[in-house]
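Understanding the architecture of this molecule
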Amino acid sequence: MTDLHINAGFDGGNIRVVGVDGDRIDLAIEKDRDSDFYQWFFFRVAGVKGRRLSLRIVNAGESAYPMGWPGYKARVTTDLSTWTMAPTSYADGVLTIDYEATGDLAWFAYFEPYTMAMHDALVARAAAKDGVTHRQIGTTLDGQAIDYFKIGSGAKSVWLYARQHPGESMAEWWMEGALDWLTSPAAADLLAKATVHVVPNMNPDGTLRGHLRTNGVGTNLNREWHEPSAAKSPEVLCVRTMMDETGVDFALDVHGDEAIAANFIAGFEGIPSWTDRQGDLFTRFGKALAAATPDFQTEKGYPKAKPGTANLSMSTNQLAERFGAVSVTLEMPFKDHDMNADPVHGWSGARSKQLAVSCLEVLTAMIDDV
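In this report, we go over the structure that sits alongside the text.

Parameters at a glance
Within each chain, residues carry numbers counting from 1 in the order of the written sequence. Per-residue local features of the predicted model are confined to residues with pLDDT of at least 70, and side-chain atom pairs are confined, for both listing and counting, to 80 or more; whole-chain, interface and lining totals are unaffected and use all residues. Hydrogens and water are ignored here; the side-chain numbers use all heavy atoms of the structure. The helix and strand labels rest on DSSP assignments: H or I over at least four residues marks a helix, E over at least two residues marks a strand, and numbering proceeds from the N terminus. Radius of gyration: C-alpha atoms only; globule rule: 2.2 Å multiplied by the number of residues to the exponent 0.38. To sort residues, take the accessible area from a 1.4 Å probe on protein chains only and compare it with the maximum for the residue type: under 20% means buried, over 50% means exposed, and anything in between is partly exposed. Residue contacts are counted whenever heavy atoms from the two residues lie within 4.5 Å of one another. Accessible surface area values rest on a Shrake-Rupley calculation with a 1.4 Å probe, where residue burial reflects the displayed protein chains alone. Only four residue types enter the charge count: Lys and Arg as positive, Asp and Glu as negative, with His and the chain ends excluded. By convention, the point assigned to a charge is CZ for Arg, NZ for Lys, CD for Glu and CG for Asp. When DSSP locates at least two bridges between a pair of strands, those strands are taken to pair. Stacked, edge-to-face and tilted are the three classes for Phe, Tyr and Trp ring pairs, Trp counted by its six-membered ring, which pair at centre distances within 6.5 Å; planes under 30 degrees apart are stacked, over 60 edge-to-face, the rest tilted. Angles run from 0 to 180 degrees between N-to-C directions of axes, and those axes are lines fitted to C-alpha atoms, restricted for helices to the stretch in contact. Under this scheme an angle from 65 to 115 degrees is roughly perpendicular, one under 35 degrees roughly parallel, and one over 145 degrees roughly antiparallel; angles in between are oblique. Should the near helix be turned anticlockwise from the far one by less than a right angle, the crossing is termed left-handed; should it be turned clockwise, right-handed. Three residue categories are used. Nonpolar comprises Ala, Val, Leu, Ile, Met, Phe, Trp, Tyr, Cys and Pro, charged comprises Asp, Glu, Lys and Arg, and polar comprises the others, including Gly. Think of a nonpolar core as a cluster: buried Ala, Val, Leu, Ile, Met, Phe, Trp, Tyr and Cys residues, connected wherever their side-chain atoms sit within 4.5 Å.

**As for the overall build of the chain**
In terms of regular secondary structure, the chain is built from 8 helices and 17 strands. For 370 residues, the compact-globule estimate of 2.2 N^0.38 gives 21 Å, and the chain sits close to it at 20 Å. Along the longest, intermediate and shortest principal axes, the C-alpha atoms of the chain span 65 × 40 × 40 Å. The buried share among the 370 residues of the chain stands at 58%. The contacts of the chain with a sequence gap of at least 6 include a subset with a gap of at least 24, amounting to 76%. A total accessible area of about 14,300 Å² is found for the chain, and carbon and sulfur atoms account for 49% of it. Of the side-chain charges in the chain, 33 are positive and 48 negative, and the distance between the mean point of each set is 1 Å.

Here it is as structure tokens:
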């Protein structure tokens, strides 16, 4: 039988081999550097043709969000193009992927990856479009670029930013859909009334390193917005500095949620300077999005903060307080949007891209009031 090889030494890869006993392979997810966070995995298995593998992630129970494993299905591909859900179970702290191989190679991931190579291709494609201004607005601690786009010329200032948490790869799939729409004729009405500022990946270092939640020095970027620093969070520092220059009327921070099998939004209810106008527009956005697509809902989500208790280190709260913005966190699932489930692919990159279009169409309809 062909020797079996497991490898994660590539863009966004993360896994460690604990032991191999025939077709039973024990694995562990590596922690983010200088952090206790871990949950993202992405690895390749070679020499698998004709074998039925039991891939056991033995440290799943101690991961950042173990409540996300029940009901979860790992993603698998043989061509790095089409990702499907693999039979997956969770018991006694171990996540087990059962896979019957028909070819020599297979890749497994926590969610359909969006690598830095894919990011670079997206940036190149978007920068070449008419009406798009690209800038490198900062550099990460590993020396990677923070890419930024400006599209449109309207008076309203709209900010779209994603992937503060690098393992939430659905967020950059969403950004691909957003940039494709913003550079198409469909966006003309929005771009006449708004200037759209886009940062498709806030955390290149974590993305390349295969992190779940932090940058290259263990910083959770979405806890840095009150006081970002060049030493720990230059990614946030450069983006917030530019926001101070442009102002912010509407902001959308794109994320993924490990446990909740639905798309939902979270707001800024606890900020000190809360206004009913801000809150009403936030609610209106969610209701309109739920009416626009079966891939969104408003019943499931996070508990609302009590008045005066908002964590201003988080971007959505900081921007709502700092600018009086209508500030929205969008969460997409690692599982599926159960109210409109796909039994083959689950929630996916393609569906994330389409949700971006729905979000921007809803925003277009209400931009005059933002």
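**Some details on the pairing of strand β15 (residues 250-257)**
Of all the 8 residues making up β15, 8 are buried; the element is thus mostly covered by neighbouring parts of the structure. Taking every second residue as pointing to the same face, both faces of β15 are buried, with Phe250, Leu252, Val254 and Gly256 on one and Ala251, Asp253, His255 and Asp257 on the other. Inspection of the sheet shows strand β13 (residues 156-162) paired to β15 by 5 bridges, in the parallel sense. For Tyr161, the partnering residue across the bridge sits in β15 and is Asp253.

**Digging into the packing of aromatic side chains**
The relative placement of two aromatic rings is captured by the distance of their centres and the angle of their planes. Scanning all chains against the criterion turns up 19 aromatic pairs. On the basis of an interplanar angle of 45° and a centroid distance of 5.5 Å, the ring pair of Phe268 and Trp274 is categorised as tilted. Through successive ring pairs, a cluster of aromatic residues spans Phe41, Phe43, Trp69, Tyr72, Tyr99, Phe108, Tyr110, Phe111 and Phe334.

**Points about the packing of helix α2 (residues 170-182) against helix α8 (residues 349-366)**
Running from amino to carboxyl end, α2 crosses α8 at an angle of 50°, the nearest separation of the two axes being 7 Å. Here α8 runs oblique to α2, going by the angle between their axes. At the point where α2 passes α8, the crossing takes the right-handed sense. Of α8, the residues touching α2 (which contributes Met170, Trp173, Trp174, Glu176, Gly177, Ala178, Asp180, Trp181 and Leu182) are Gly349, Ser352, Lys353, Leu355, Ala356, Val357, Cys359, Leu360, Glu361 and Thr364. Tallied by class, the residues present in the contact of α2 with α8 amount to 11 nonpolar, 4 polar and 4 charged.

**Here we look at the side chain of His165**
You can see His165 is positioned in the loop between β13 and α2. Setting aside anything within four residues of it in sequence, one finds His165 in contact with Leu212, Arg213, Asn220, Asn222 and His255.

**Observations regarding the nonpolar core**
Membership of the largest hydrophobic core comes to 89 residues, with the highest contact counts inside it found for Phe41, Phe43, Leu160, Trp174, Leu182, Phe285 and Leu330. It is α2 that contributes the most residues to this core, 9 residues altogether. When sequence neighbours within four positions are dropped, the list of residues in contact with Phe285 reads Phe250, Ile265, Val328, Cys359, Val362, Leu363 and Met366. Val199, Cys238, Ala251 and Ala325 belong to the second-largest nonpolar core, a separate cluster that totals 18 residues.

Coordinates in, geometry out; function isn't part of it.
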